[in-house]
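Coordinate analysis (summary)
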Amino acid sequence: MSETRIRMAIQKSGRLNQRSVSLLEKCGIDFPWRQNMLLNRCRDFPLDLMLVRDDDIPEYVRTGVCDIGIVGQNVLEEKLSGHGHGEAPAEVAVLRELGFGHCRLSIAVPKDRDYGGLETLNGTRIATSYPVILGRFLRASDVSVDIVELSGSVEIAPALKVADAICDLVSSGSTLQSNGLEEVETILTSQAVLIRARNGAPSATEEIIDRLSRRIDGVLRAGKSKYIMMNAPASRVDDICEILPGMESPSVVPLVGQRDRVAIHAVAPEDVFWDTMDRLKAAGAASILVVPIEKIIA
Ligand code: PRP
Ligand code: ZN
């Protein structure tokens, strides 16, 4: 019997590629990394990685060419919302928000143009690679423009007099900045998501998707979490537990040869800030160690 494997689509190159690969690596999924290969066979997990243009990922997953994929919500909306009703594309399910690839889709105008609100865009030309999302937004706002569809380098359209404004992704803002453009309206915020086809798959495939999702959860949960350890006077344990940010019951461990001091260990669900450290010290804690957590399996 042949082994069941799942196929995952990720971006071949661009903003999401590295973070997608590093998420998989943190899940313990190791593959011979060859960017020019269409399919990369992972070694210790029944997964084949398909490296493609991000714009094609929703369609690959929708049609079952790939079982799952990592893609920006922006691309998902643009490519598939026509297939469903309203926001969520009907044939693709979002399994997880992945917490990276944050960006927004915004309208930007040349800096020297006085922007007086959405209605002043009436009758202008707006260049974008997101005609579906932009069109829907403008219709809802009752603004009518000429959408100029471009597949890339949208930011140079105003300088080329191809358009009066643009609607494009903004992450750090440096692309707009270096092209003399100013962001005036945000129409969508986005991050990377894990998607799968909504239709049921064979149970062996489902089982692998579940296993991968659980590993991803472990990595995401670990995210900003920290493990914090310190020694403290036994009499101050209550005070110290009150300072620790939102943790489940910390462990209190005796210290050999010190009757009035204990070690306190806890998982902090968020980064431990300097100010928390100062308060712990003031409450009598010493030898405070804060270490990153790789995985949390519930
Ligand atoms: C987006 C967008 C801009 C850039 C903005 O492209 O088209 O070029 O990122 O980022 P910044 O605000 O940090 O300068 P992306 O890398 O997503 O590529 P793609 O849309 O062509 O796939
Ligand atoms: Zn793209």
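Residues numbered from 1 in each chain as written. Chains lettered and ligands numbered in written order. Predicted model: local features only at pLDDT ≥ 70, side-chain atom pairs only at ≥ 80, totals over all residues. Heavy atoms only, no water.

The local shell around ligand 1 consists of R15, D54, D168, L169, V170, S171, S172, G173, S174 and T175. In this structure, an oxygen atom belonging to ligand 1 sits 2.8 Å away from a main-chain N or O atom of S171. Residue S172 places a side-chain N or O atom 2.6 Å away from an oxygen atom belonging to ligand 1. Protein chains shield 71% of the accessible area of ligand 1, which is 510 Å² for the free molecule. Of all the elements in the fold, those that place two or more residues in the shell around ligand 1 are β9 (165-170) and α5 (174-178). Looking at the shell around ligand 1, its residues break down into 2 nonpolar, 5 polar and 3 charged. (Near = heavy atom within 4 Å. Polar contact = N/O pair within 3.5 Å; in protein donor to acceptor, adjacent residues only side chain to side chain. Areas by Shrake-Rupley, 256 points an atom, 1.4 Å probe, with all protein chains shown as cover. Helix = DSSP H or I, 4+ residues; strand = E, 2+ residues; numbered from the N terminus. Nonpolar A, V, L, I, M, F, W, Y, C, P; charged D, E, K, R; others polar.)

Donor atoms from the polypeptide that bind the zinc ion (ligand 2) are D54 (OD) and D55 (OD), placed at 2.2 to 2.4 Å. For D54, a relative accessible area of 19% gives the class buried. For D55, a relative accessible area of 24% gives the class partly exposed. (Donors = N, O, S within 2.8 Å, 3.2 Å for Na, K, Ca; no water. Buried < 20%, exposed > 50% of the residue type's maximum accessible area, 1.4 Å probe, protein only.)

All right, on to the sheet that holds strand β7 (residues 125-128) then. Read across the open sheet, the 5 strands follow the order β8-β7-β9-β6-β10; overall the sheet is mixed. A single partner strand is all that each edge strand has here, and the edge strands are β8 (146-149) and β10 (181-190). Strand-to-strand twist across the sheet, computed as the mean angle between neighbouring axes with direction ignored, equals 25 degrees. Relative to β8, β7 runs parallel, the two being bridged by 4 bridges. Following the sheet pairing, T128 is matched in β8 by E149. (Pairing = 2+ DSSP bridges. Axes fitted to C-alpha atoms, helices over the stretch in contact; angles between N-to-C directions.)

A few words now on the environment of V145. Relative to the elements of secondary structure, V145 occurs in the loop between α4 (131-140) and β8. Here the alpha-carbon distance between V145 and K295, two residues 150 residues apart in the chain, equals 49 Å. Residues in contact with V145, not counting those within four places in the same chain, are L121, G123, T124, I126 and L138. (Contact = heavy atoms within 4.5 Å.)

Let us now look at the sheet that holds strand β13 (residues 251-255). The sheet built from 4 strands is open, its strands ordered β13-β14-β12-β15 with antiparallel pairing. Each of the sheet's edge strands pairs with one partner strand only, and the pair in question is β13 and β15 (286-292). Across the sheet, the mean angle separating the axes of adjacent strands is 20 degrees when strand polarity is ignored. Pairing analysis gives 5 bridges linking strand β12 (residues 226-233) to β15, with the strands arranged antiparallel.

On to a nonpolar patch on the surface. Judged by side-chain polarity, I156, L160 and V162 come together as a nonpolar surface patch covering roughly 240 Å² of accessible area. Looking at where V162 falls in the secondary structure, it is placed in the loop between β8 and β9. Residue V162 is classed as partly exposed on the basis of its relative accessible area of 32%. (Patch = residues over 30% accessible without salt bridge, like charges linked within 9 Å, V, L, I, M, F, W, Y side chains within 5 Å. Salt bridge = Lys/Arg side-chain N within 4 Å of Asp/Glu carboxyl O.)

A word on unusual backbone geometry. Even without a glycine there, the phi angle at D142 is positive, about 60 degrees. One non-glycine residue, S287, adopts positive backbone phi at about 50 degrees. By the element assignment, S287 lies in strand β15. Judged by relative accessible area, which is 55%, S287 ranks as exposed.

Now for the nonpolar core. One finds L121 and I195 to be the most contacted residues of the largest nonpolar core, which totals 30 residues. Each of domain 1 (6-100 + 192-222) and domain 2 (103-190) contributes no fewer than three residues to this core. Those residues within four positions of I195 in sequence are excluded, and the remaining contacts are I57, P58, V61, D67, I68, G69, V71, L76, V92, A93, V94 and L95. In this structure, M8, I29, I70 and I208 belong to the second largest nonpolar core, which totals 26 residues. (Core = buried A, V, L, I, M, F, W, Y, C linked by side-chain atoms within 4.5 Å. Domains from an automatic or database assignment.)

In this structure, β12 lies alongside strand β14 (residues 258-268), joined through 8 bridges in antiparallel fashion. Counterpart to M229 in the pairing with β14 is H265. Pairing geometry for β13 and β14, over 5 bridges, is antiparallel. Looking at β14, one finds that V253 is bridged to A263.

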